[in-house]
Amino acid sequence: MCGGFTCSKNSLLALNILYIIVAFIMIGVAAGANMSSIVTSLSLVSGIIACAVFLLFISIVGLIGASKHHQVMLFFYMIVLFIIFIIQFSVACACLAINEDQERLVAANGWKESGDSIRTDAQNWFRCCGYKNFEPNMTQEVDHPSCLDIPTCCPNATDDSMCCRAPYECHCQSCDVPIKQVMLRGFQLVGGIGLFFSFTEFLGVWLTVRYRNQRDPRANPSAFL
């Protein structure tokens, strides 16, 4: 009968196997993106891999606790999963509720605080130069890496001082336009996925609470007391 000891155990095992698969996918995507030069920022890749490793660790704890009906491991797993649920649910709601002004502020601060490696990634990926165009054909924001590696930006430039620097013409759009477009889709995607997984985490907490209070029919009846 579903809802009994065996059903709760199998449901927890399946949920943690899903989390393990997701963790390996995250690690593979981060490593693949770094190797293909889509993302060359070590801090960004390290952050993604760290989140995946933490998810993998918690999933293994839940998997072992569910398979052995280990009360201490299940309690630890339940508490950590509930904290992750609260954080992820809050972040997902914030991503879905962000407005255009907040998005513009986040993008500008992100560009300002990011290093040259991340800015170079953005410029090469979006085929843009700098962050903000204050004049129609000039990128007045000089705090950006060289755009010489982007052929469409400065086809006639011979050195970096002539590429997208006043008074020379810049044929590229500033990076704020594509970045804000991608950020809008990204916030919606992250918010939706985060909201979905937060409910799976709440389901995991509920299953763990239920499973901890159920007696193993194959065990010694006095072992649970």
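Residues numbered from 1 in each chain as written. Predicted model: local features only at pLDDT ≥ 70, side-chain atom pairs only at ≥ 80, totals over all residues. Heavy atoms only, no water.

**Regarding the packing of helix α3 (residues 71-97) against helix α6 (residues 176-212)**
Axis separation between α3 and α6 bottoms out at 8 Å; the angle between their running directions is 155°. On the basis of their axis angle, the class for α3 and α6 is roughly antiparallel. The crossing of α3 and α6 is left-handed. (Axes fitted to C-alpha atoms, helices over the stretch in contact; angles between N-to-C directions. Helix = DSSP H or I, 4+ residues; strand = E, 2+ residues; numbered from the N terminus. Parallel < 35°, antiparallel > 145°, perpendicular 65-115°, else oblique. Left-handed = near helix turned anticlockwise from the far one by under 90°.)

**Looking at the confidence of the model for the protein**
Caution applies to low-pLDDT regions: their predicted coordinates should not be interpreted in detail. Model confidence for the protein is summarised by a mean pLDDT of 75, while 73% of its residues fall at 70 or above. For the protein, helix α4 (residues 100-113) is the element with the lowest average pLDDT, namely 79, and α3 is the one with the highest, namely 86. A low-confidence stretch, residues 133-142 (pLDDT under 50), is modelled with 25 contacts involving residues beyond four sequence positions or located in other chains. (pLDDT = per-residue confidence, 0-100. Contact = heavy atoms within 4.5 Å.)

**Re the pattern of salt bridges**
Here the idea is simple: oppositely charged side chains can pair when their charged atoms come close. Counted under the stated rule, the structure contains one salt bridge. The closest approach of N and O atoms between Asp 176 and Lys 180, which form a salt bridge, is 3.8 Å. In this pair, Asp 176 and Lys 180 both sit in helix α6, four residues apart, roughly one turn of the helix. (Salt bridge = Lys/Arg side-chain N within 4 Å of Asp/Glu carboxyl O.)

**A look at the nonpolar core**
With 19 residues, the main nonpolar core has Leu 12, Tyr 19, Ala 66, Tyr 77, Leu 81 and Tyr 211 as its most contacted residues. For this core, the secondary-structure elements that each account for two or more residues are α1 (5-35), α2 (42-68), α3 and α6. Once residues lying within four places of it in the same chain are set aside, the contact partners of Leu 12 are Ala 66, Leu 74, Tyr 77, Gly 204, Leu 207, Thr 208 and Tyr 211. Of all hydrophobic cores here, the second largest spans ten residues; its members include Ala 107, Ala 122, Cys 128 and Ile 179. (Core = buried A, V, L, I, M, F, W, Y, C linked by side-chain atoms within 4.5 Å. Buried < 20%, exposed > 50% of the residue type's maximum accessible area, 1.4 Å probe, protein only.)

**Concerning the side chain of Ser 198**
Positionally, Ser 198 belongs in helix α6. Sequence-distant contacts of Ser 198, that is, excluding residues within four places in its chain, are made with Phe 85, Gln 88 and Phe 89.

**Observations regarding the UniProt feature "transmembrane region" (unreviewed entry) in the protein**
The positions UniProt marks with the feature "transmembrane region" (unreviewed entry) are residues 12-32, 38-63, 75-99 and 187-209. Taken end to end, residues 75-99 is 92% helix and 0% strand, and its first and last C-alpha atoms sit 39 Å apart. The span residues 187-209 is 100% helical and 0% strand by assignment, and the distance between its end C-alpha atoms comes to 32 Å. (UniProt positions renumbered as here; feature names shortened; annotations may be inferred.)

**Some details on α3**
Taking 1.5 Å per residue, 27 residues should reach 39 Å; α3 reaches 39 Å between its end C-alpha atoms and fits that length. Among the residues of α3, those classed as buried are Leu 74, Tyr 77, Met 78, Val 80, Leu 81, Ile 84, Phe 85, Ala 92 and Cys 95. (Expected span 1.5 Å × (residues − 1).)

**A look at the side chain of Asp 176**
Look at Asp 176 and you get buried, because its relative accessible area is 6%. Filtering out sequence-adjacent residues up to four positions away, Asp 176 remains in contact with Tyr 131 and Lys 132.

**Quick word on the packing of aromatic side chains**
With the rule as written, the count across this model stands at five aromatic pairs. Through a chain of ring-to-ring contacts, the aromatic side chains of Phe 82, Phe 85, Phe 89, Phe 199 and Phe 202 assemble into a single cluster. (Phe/Tyr/Trp six-rings, centres within 6.5 Å; stacked < 30°, edge-to-face > 60°.)

**Thoughts on a nonpolar patch on the surface**
Taken together, the side chains of Phe 75, Ile 79, Ile 83, Ile 87 and Val 91 make up a nonpolar region of the molecular surface, amounting to roughly 440 Å² of accessible area. With respect to the helices, strands and loops of the structure, Val 91 is situated in helix α3. (Patch = residues over 30% accessible without salt bridge, like charges linked within 9 Å, V, L, I, M, F, W, Y side chains within 5 Å. Areas by Shrake-Rupley, 256 points an atom, 1.4 Å probe, with all protein chains shown as cover.)

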